[in-house]
Amino acid sequence: LYDAGIRYVDAQIQRILEKLKSDHAFDNTLIVISADHGEELWDHGSFFHGQSLYEELLHIPLIVKLPDSVDAGRVVERTVQGIDLAPSILDWMNLPSPDQFQGEKLGNTLDKEPRDFIATATQAQFPTRYAIRRGQTKLVESLDLAEVQGFQLDKDPGEANAESPQD
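Residues numbered from 1 in each chain as written. Predicted model: local features only at pLDDT ≥ 70, side-chain atom pairs only at ≥ 80, totals over all residues. Heavy atoms only, no water.

## Quick notes on the overall build of the protein
Along the backbone of the protein there are three helices and eight strands. Counting helices and strands in the order they occur from the N terminus, the protein gives α-β-β-β-α-β-α-β-β-β-β. A burial count over the protein gives 25% of its 167 residues as buried. Of the contacts formed within the protein by residues at least 6 apart in sequence, a portion of 42% connects residues at least 24 apart. Entry remark: accessible area of the protein is about 11300 Å², with carbon and sulfur atoms responsible for 54%. (Helix = DSSP H or I, 4+ residues; strand = E, 2+ residues; numbered from the N terminus. Buried < 20%, exposed > 50% of the residue type's maximum accessible area, 1.4 Å probe, protein only. Contact = heavy atoms within 4.5 Å. Areas by Shrake-Rupley, 256 points an atom, 1.4 Å probe, with all protein chains shown as cover.)

As structure tokens, then:
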């Protein structure tokens, strides 16, 4: 069922893109495709999302097609956050961002050094977890369980071997 859901969404995105092309609007359209979270499909003993902060939940797609093929084919490896999307979309549309927006405008930051990435998992039925990622180092803390795990993602991309933060 999960794979069928993915195929359905892919087909709907394809329909939208084909309609934009047939209406000759594709070239002038800003298109942003992303997700709010990934899914844990028994990767670490759990299913769905909300109970952990492993990379399969945090590392989500972000596809941007700028008008007039600006930066076409460019792949950026820099970590960005969902909080960056609204100010970025407004910036790409040459519109001002409200002062209360906290995210960065991605067009200005994609070539900069990676910044810290912060995430939370706060579903009521699971322990609250916080994660911070600095480069390839990631710490995950559960205040409810008094537990802290550390990961070196360059050496352990599947997060199979948690380290003590003192290591």
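Next comes the rest of the write-up.
## Brief notes about the nonpolar core
By size, the foremost hydrophobic cluster in this structure holds nine residues: Leu 53, Tyr 54, Phe 117, Ala 119, Ala 121, Ala 131, Val 140, Phe 151 and Leu 153. Of the residues forming this core, the biggest block, three residues, is contributed by strand S5 (residues 117-121). (Core = buried A, V, L, I, M, F, W, Y, C linked by side-chain atoms within 4.5 Å.)

## Brief notes about the packing of aromatic side chains
Under the criterion given, the structure shown has zero aromatic pairs. Note that Lys 21 overlies the ring of Phe 26, its terminal NZ or CZ placed 4.8 Å from the centroid. Above the ring of Phe 26, the side-chain terminus of Lys 65 is found at 4.8 Å from the ring centroid. (Phe/Tyr/Trp six-rings, centres within 6.5 Å; stacked < 30°, edge-to-face > 60°. Lys NZ or Arg CZ within 6 Å of the ring centre and 35° of its normal.)

## Brief notes about the sheet that holds strand S8 (residues 147-152)
In spatial order, the strands read S5-S6-S7-S8; together these four strands make up an open sheet with antiparallel pairing. Here the strands that pair on one side only, and so sit at the sheet edges, are S5 and S8. Mean inter-strand twist for the sheet, computed between neighbouring axes without regard to direction, equals 15°. Looking at chain direction, strand S7 (residues 137-142) and S8 are connected through six bridges and run antiparallel. Across the sheet, residue Val 140 finds its bridge partner in S8, namely Gln 149. (Pairing = 2+ DSSP bridges. Axes fitted to C-alpha atoms, helices over the stretch in contact; angles between N-to-C directions.)

## A look at a nonpolar patch on the surface
The grouping of Ile 118, Ile 132, Leu 139 and Val 148 at the surface amounts to a nonpolar patch, some 310 Å² of accessible area in total. With respect to the element layout, Val 148 can be found in strand S8. (Patch = residues over 30% accessible without salt bridge, like charges linked within 9 Å, V, L, I, M, F, W, Y side chains within 5 Å. Salt bridge = Lys/Arg side-chain N within 4 Å of Asp/Glu carboxyl O.)

## Structural notes on helix H3 (residues 85-92)
By the burial criterion, the buried members of H3 are Pro 87, Ser 88, Leu 90 and Trp 92. With its phi angle positive at about 60°, Asn 94 sits one or two positions after the end of H3.

## Let's talk about the pattern of salt bridges
Two side chains carrying opposite charge are able to pair once their charged atoms lie near each other. This structure, assessed with the given rule, holds two salt bridges. Its salt-bridge partner being Glu 159, residue Lys 138 comes within 2.8 Å of it at the nearest N-O pair. Placement of the pair is Lys 138 in strand S7 and Glu 159 in the segment after S8, with a sequence separation of 21 residues. Take Lys 138: its relative accessible area is 0%, and that puts it in the buried class.

So far we have only geometry, and geometry alone does not tell us how the molecule works.
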